[in-house]
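What follows is each chain in one-letter form.
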Amino acid sequence: MPEQSVLPIKKIVIIGSTGSVGRQALEVIKKLGFKVLGLGCGTNIQLLVQQIKEFDVKNVAVAGAKEAALLTKLLEEEKINDVNILYGDEGLNTLASIKCDIFFNSILGIKGLEPTLTAIRNGNDVAIANKEPIVAAGRLIMEEARKYNVKILPVDSEHSAVFQCIAGKMDTQLKNIILTASGGPFRNKTKAELEKVTLKDALMHPTWKMGSKITVDCATLMNKGLEVIEAMNLYNLPVSRVKVVVHPQSIIHSMVTFEDDSVLAQMGNPDMKLPIQYALTYPLRCHSDTKPLDLIGLGSLTFEAPDMDRFPCLSLAYRAAELGGTMPAVMNAANEQAVNYFLQGQINFTQIPYTIQKVMDNHIRSTECPFDTTISAESVVNCSRWSKKEVDKVLWM
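Definitions and limits used
- Residues numbered from 1 in each chain as written.
- Predicted model: local features only at pLDDT ≥ 70, side-chain atom pairs only at ≥ 80, totals over all residues.
- Heavy atoms only, no water.
- Buried < 20%, exposed > 50% of the residue type's maximum accessible area, 1.4 Å probe, protein only.
- Helix = DSSP H or I, 4+ residues; strand = E, 2+ residues; numbered from the N terminus.
- Pairing = 2+ DSSP bridges.
- Right-handed = clockwise from strand over helix to strand, strands pointing away.
- Axes fitted to C-alpha atoms, helices over the stretch in contact; angles between N-to-C directions.
- Contact = heavy atoms within 4.5 Å.
- Salt bridge = Lys/Arg side-chain N within 4 Å of Asp/Glu carboxyl O.

**Regarding the pairing of strand E5 (residues 102-105)**
Move 1: The alternating pattern of E5 places Ile102 and Phe104 and Phe103 and Asn105 on opposite faces, both of which are buried.
Move 2: Where strand E1 (residues 11-15) and E5 come together, four bridges link them in parallel fashion. Looking across to E5, one finds that Ile12 is bridged to Ile102.
Move 3: Pairing geometry for E5 and strand E6 (residues 125-128), over four bridges, is parallel. Bridge pairing in E6 links Phe103 to Val126.
Move 4: Of the crossover connections in this fold, the one passing from E5 over helix H5 (residues 113-121) to the parallel E6 is right-handed.

This is how it looks when you write it as C-alpha cells:
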C-alpha cells in the first residue's frame, strides 16, 4: 500500500453546515482531524447545537434574530457560553471574513454570493458547492479570485472531476468539457407522462441522495444546465465548448477533451464525500472511506444524448449562457422560485420550464429590470429579486 501523504491540519469555516453537503463535509472534516472555526446555517438550530458541541465551534451564524435567540437559549441549557452568535447576511459575511484555510460554501441560493466575495477578499480559498453564485456571477468571482490570488475549489462531483482531469495541464490545450448527467428519474418518460409526474416521483433520484431543490433540478435537467454555466465560468470557456452527455450509471463524473482529441475521464462510485474530501485536502490526496470502484462488477457503461425537447430546462440554460450578462441570474432565480412552488404543490412539473422561459423573455423586454451584458454583485442581486417577483406575475396574474 502506498505511503499516505501527511496532511497539515487545516482550519475551516462552513456555511450551510446543516444541509446535505454541509453534514457530509463535517463527517469528512472529523475523519481528517481538521479544525472548524465557524458554522453557518438557516433554521435547523437543534442540529447546529450538536455540531457546535461536537466540533467545539466558537463562531456561528443563523438566519435571523429569532433563530439567534433560540440558539442562545439552547446553548445556555447545555452550559456552553463562549460562542459568538451572529445572524442574517451580516452574520454570514462576518464568518466569511474569519481568516481560515478554506471557506466552505454549501448554502442554497444567491445568498451565497456576498459571503463568497467576502471570503475571497479576505484571502481565503473557497470550496464551493453553492451553484447559484457561480452561475449568476461566475466571471466576477473568478476575477476577484485572480485578483486576491485565492483558489476556487469545486465541490460538485462534475466540476471536481473536470478540475482533477485538467490539473497540471495547460488550459490552452483544453478543447471541450463533457459533463455527465444521470438523466434523473424521468429519463425514459414521454412528454405526456411528464405532465402527470408527482413531487414524490421527482424526489426519487436514481443514484444520488441530495436536498429536495437540487433533486428536482436533476429531474428537470436544470441542474446540468446550471453546471454548464458553472463550467463556462470556472474554466473560462465559451458555452459552445461545454457539452452534456447522459450517463445513467453515474460512474464517469465528467471528462475533458484536449486539442489532440485525447479524452480524460474521472471515475468513481457516486459518493459526494470523495469530491468534498479532495476540495478540503487539495493538492494532496489521502485514504477515503468511499467504496472502491469495481470495473468488472459494473459490466458496461452507457451514454446517450440529452433530450432537450422533453427537458427544455437544459436548453434554457444554454440560451442564458449564450446571452450572458444578467440573464443567467434571472434564469437561476426564476428556476429557484418555480421549483419552490412545485415543492409546495402549487404548480406541476412541466410548469417549471414554461415559467422560466416566460421570465427570461420578459427580462429582454423589461424596462423595470432591463437586460444588461455586464454585471456587478448589486445587479445580480437586484435581477434575482426582480426575477422571483416576475415568476409570481407569470403564474398568478
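**Quick look at the sheet that holds strand E8 (residues 174-181)**
Move 1: Judged by pairing direction, the sheet is mixed, and its four strands sit side by side in the order E9-E8-E10-E11 without closing on themselves. For this open sheet the edge positions go to strand E9 (242-246) and strand E11 (263-267), each flanked by a neighbour on one side alone. The sheet shows a mean angle of 20° between the axes of neighbouring strands, direction not considered.
Move 2: In this sheet, E9 lies alongside E8 in parallel orientation, the contact comprising five bridges. Paired with Ile177 across the strands is Val242, a residue of E9.
Move 3: Each of E8, strand E10 (252-258) and E11 touches helix H7 (residues 157-166); the most contacted strand, E10, lies at about 40° to it.

**Here's the deal with the pattern of salt bridges**
Two side chains bearing opposite charge may form a pair once their charged atoms approach each other closely.
Move 1: Applying the stated criterion across every chain yields a total of 23 salt bridges.
Move 2: Of the charged contacts in the structure, one is a salt bridge between Glu77 and Lys73, with a shortest N-O distance of 2.8 Å. With Glu77 and Lys73 both in helix H3 (residues 65-77) and four residues apart, this pair spans about one turn of that helix.
Move 3: For Lys73, a relative accessible area of 46% corresponds to the partly exposed category.
Move 4: In this structure, Lys388 and Glu336 form a salt bridge, with 3.0 Å as the shortest nitrogen-oxygen distance. Of the two residues, Lys388 is situated in helix H17 (residues 377-396) and Glu336 in helix H15 (residues 327-343); the sequence distance between them amounts to 52 residues.
Move 5: Each of Lys131, Asp156, Glu158, Lys224, Glu227 and Glu230 takes part in one network of salt bridges that share partners.

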